[in-house]
Amino acid sequence: MGESVIELVGLTKQYDSLTAVNHLNLNIRKGEVFGLLGPNGAGKSTTILMMLGLTEPTSGTVRVCGIDPLKHPLEVKRKVGYMPDDIGFYENYSGLDNLLYTAGLNRIPVREAEERAMQLLERVGLRDVAHKKAGKYSRGMRQRLGLADVLIKDPEIIILDEPTLGIDPQGIREFLELIIQLSSKEGITVLLSSHHLHHVQQVCDRVGIFVEGKLLAEGDVSSLSAQLFPGEPYVIEAGAVPGSGTTGNWQAALADALQQLDGVSSVRYEEDKFRISCTHDLSAAISRFIVEKGYDLVHLNRKTYALDDIYQRYFEGGKAHA
Amino acid sequence: MRWMIFTSVILKEAKLMHKLTQYISAWDSMVQHIKDRLFPGSVNAVPSAFRVMVRKEVADQVRSWRFLVLLFLILLTCFGSLYTSITNLPEALKQNDAEKGFLFLKLFTVSDGTLPPFHVFIGFLGPLLGIAMGFDAVNSEQNRGTLSRIISQPIHRDYLINAKFVSALIVISVLFFSLGFMVMGLGLFIIGIPPSASEFLRIICFLCLSICYVAFWLNLSILFSIRFKQAATSALTAIAVWLFFTIFYQIIIKMVARVMLPDPAASPEEIMGYQSFFMNLMRLVPSQLFSDATVTLLMPSVRSLGPLTMEQVYGAIPSPLPLGQSLLLVWPQLTGLIAATIACFAGSYYLFMRREIRAR
């Protein structure tokens, strides 16, 4: 991948007694979609504020496109579009006027701004309500207007803080699709923070997991799962029913038999299912084996670790550390 | 007959206006021409971000209900005080006083006691106007969630408070000047005596002073709007400060003064010292500064704002002061007002420039 556009080195933010961000090191590369994932109060928003120079770090450095946002905030703000969580607009202005005002602050000539604003409104699906007062917009519409507002300055990086909060599932899907489009078609680097894993999982190239001001892990979803669940990258769940004439503790017998298979590291029987961890994908071999042994295979599921499990495990880990 | 004259006057006026607009457009094109020569490429120049902000803020101020309400209040005041001053003008003229030559200024100062005169009204309503225009300047942006969005645009942070201040100041200036000129125009129409040049200049100075005074309250309320998250808190605090200074401060000072009253047999120096000490305490209050300054400007016979000894008064001819001397007399007051304004502004900067801006 390309050079990094956001570099955080040893970034720390201390509020009176609370360390919101603790020696954070992070690199975000050009053109990628990076997800900052963490529970509420993990320091995601504070990190974002420091990237934009909206608050000063206690120690450490921030470089955005190689520029220090504390010393040259204007250059950074010209390149970065920031959408705060729970974005607000001037309520007695129409959506279009709100965009035009932002365009004016970015010194875009009026005629060009009008054209761009209408294009963007079209793109986020607000063209029909362009002249409606922003105060009358629903939450989802405001969020989409927020995206248009971020894009009107033609940024290199967009930072979205909790962009999916409070929108309905349909809205979220459309919103995430827009983000994917932006990243793939226009090469914009996207940084988004969320505590909704599924949303992040859908769009992000890489994910950073953030707990109590620390970045616990970063990487793409599969590498994270490999890091987290060593020795059992594949888990296969199989449900079997004994054939006629089998007696006794058939479950234990079958489990023992499965254990003998090449590549199986462990077998557990829980909730009417065999949970088989193996070093590589053995689903075909296992199904054949079970049938050959005279059992009926009723259920077979190859499980991959979703962000959910990763999240769960990390938060448990985070709490254990604390 | 009168109406015909009137209409003909109006027609003439219309012709004049037409000519005037022609002149103005000619002037405009000339200015544009010079600009193009001096700064090539500035024809399609994009207005700076600060300009855009000021324009929006002015539009917001003027369109807001609160401004309309205040405008209504001030217009009422204006007409009320004009009415009292005009009905009481003949009596004021009968007195054989030193300000005979300054008939026009009486429009702003004369009253029969039922309604205060114009300058007192402005002294009273001005702070209210300033507070009303500034008390939610920053915290409303914060509460609407627009602050972090605006600050993350490529603008300097101080643009926001500067734009708020400048736009409100523009609105206030336009309002006060138009009010002042309206009172002058109506007065001219009704009493039929034109103002002399020095009277005119005195009124202009008075208007500028009023604008400075309102600017102080405006800045104070902007400061509170940065300090307090809730608009209501900042409004109440600003009003509390105003009430304290206009009512309670005087009472407290008077009480203290009574306790510390020197012996009647004390030396004149002691009495002088006592007098000027309390005078200076009173002058800590912006409203006192303002009323001192306006009285001096609008009543040319006022020769001093402090105590005068018999030697100083002895032999003085009770004649009005020239404008320059009156200005000299109010210079400390004006400086004090501007200094207080700047102090508030500095406070706003200190609070706002390095603060963390979160969404909502």
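Quick caveat: nothing in here was measured; it's all calculated off a predicted structure. (Residues numbered from 1 in each chain as written. Chains lettered and ligands numbered in written order. Predicted model: local features only at pLDDT ≥ 70, side-chain atom pairs only at ≥ 80, totals over all residues. Heavy atoms only, no water.)

**Some words on the interface of chain A and chain B**
Here comes step 1: Contacts between the two partners involve 34 residues from chain A and, on the opposite side, 30 residues from chain B.
Here comes step 2: In total, about 2,900 Å² of surface goes out of reach between chain A and chain B, with carbon and sulfur atoms giving 53% of it.
Here comes step 3: Counting across the interface, chain A meets chain B through two salt bridges.
Here comes step 4: With its nearest N and O atoms 2.7 Å apart, the salt bridge here joins E56 of chain A to R354 of chain B.
Here comes step 5: Counting across the chain A and chain B interface gives 18 residue pairs in polar contact (both at pLDDT 80 or more).
Here comes step 6: For the side of chain A that touches chain B, the secondary-structure elements that each account for two or more residues are β1 (4-15), α1 (44-52), α2 (73-79), β5 (80-83), α3 (95-105) and α5 (139-151) of chain A.
Here comes step 7: Residues that form the side of chain A that touches chain B fall into these classes: 15 nonpolar, nine polar and 10 charged. (Contact = heavy atoms within 4.5 Å. Buried area = accessible area lost by both parts, 1.4 Å probe. Salt bridge = Lys/Arg side-chain N within 4 Å of Asp/Glu carboxyl O. Polar contact = N/O pair within 3.5 Å; in protein donor to acceptor, adjacent residues only side chain to side chain. Helix = DSSP H or I, 4+ residues; strand = E, 2+ residues; numbered from the N terminus. Nonpolar A, V, L, I, M, F, W, Y, C, P; charged D, E, K, R; others polar.)

**Describing helix α6 (residues 169-186) of chain A**
Given 3.6 residues to a turn, an α-helix orients residues that are three or four positions apart in the same direction.
Residues and elements named next belong to chain A.
Here comes step 1: The end-to-end C-alpha distance of α6, which contains 18 residues, comes to 25 Å, matching closely the 26 Å that a straight helix rising 1.5 Å per residue would cover.
Here comes step 2: Restricting attention to buried positions, one finds in α6 the residues G171, I172, F175, L176, L178, I179, L182 and S183. The buried residues of α6 all sit within an arc of 150° when viewed along its axis, so they share a single face. For α6, the exposed residues lying more than 90 degrees away from the buried face are P169, S184 and K185. (Expected span 1.5 Å × (residues − 1). Buried < 20%, exposed > 50% of the residue type's maximum accessible area, 1.4 Å probe, protein only. Arc of directions from axis to C-beta.)

**Remarks on the environment of R116 of chain A**
Residue and element names in this part refer to chain A.
Here comes step 1: In this structure, R116 sits in helix α4 (residues 110-123).
Here comes step 2: Residues R116 and L99, 17 residues apart in the sequence, show an inter-C-alpha distance of 9.3 Å.
Here comes step 3: Contacts of R116, omitting those with residues within four sequence positions, involve I108, L151, I152, K153 and D154.

**Some details on the environment of R107 of chain A**
Here comes step 1: With respect to the helices and strands, R107 of chain A occurs in the loop between α3 and α4.
Here comes step 2: Residue R107 of chain A is classed as partly exposed on the basis of its relative accessible area, which comes to 43%.
Here comes step 3: The spatial distance from the C-alpha of R107 of chain A to the C-alpha of E75 of chain A is 13 Å, given a sequence separation of 32 residues.
Here comes step 4: Those residues in contact with R107 of chain A that sit more than four places away from it in its chain are V46, P47, S48 and A49 of chain B.
Here comes step 5: A polar side-chain atom of R107 of chain A sits 2.8 Å from the main-chain carbonyl oxygen of V46 of chain B.

**Observations concerning the confidence of the model for chain B**
Here comes step 1: Per-residue confidence for chain B averages 84 on the pLDDT scale, and 86% of its residues sit at or above 70.
Here comes step 2: Scored as a whole, the predicted complex attains pTM 0.81, and scored at its interfaces, ipTM 0.79. (pLDDT = per-residue confidence, 0-100.)

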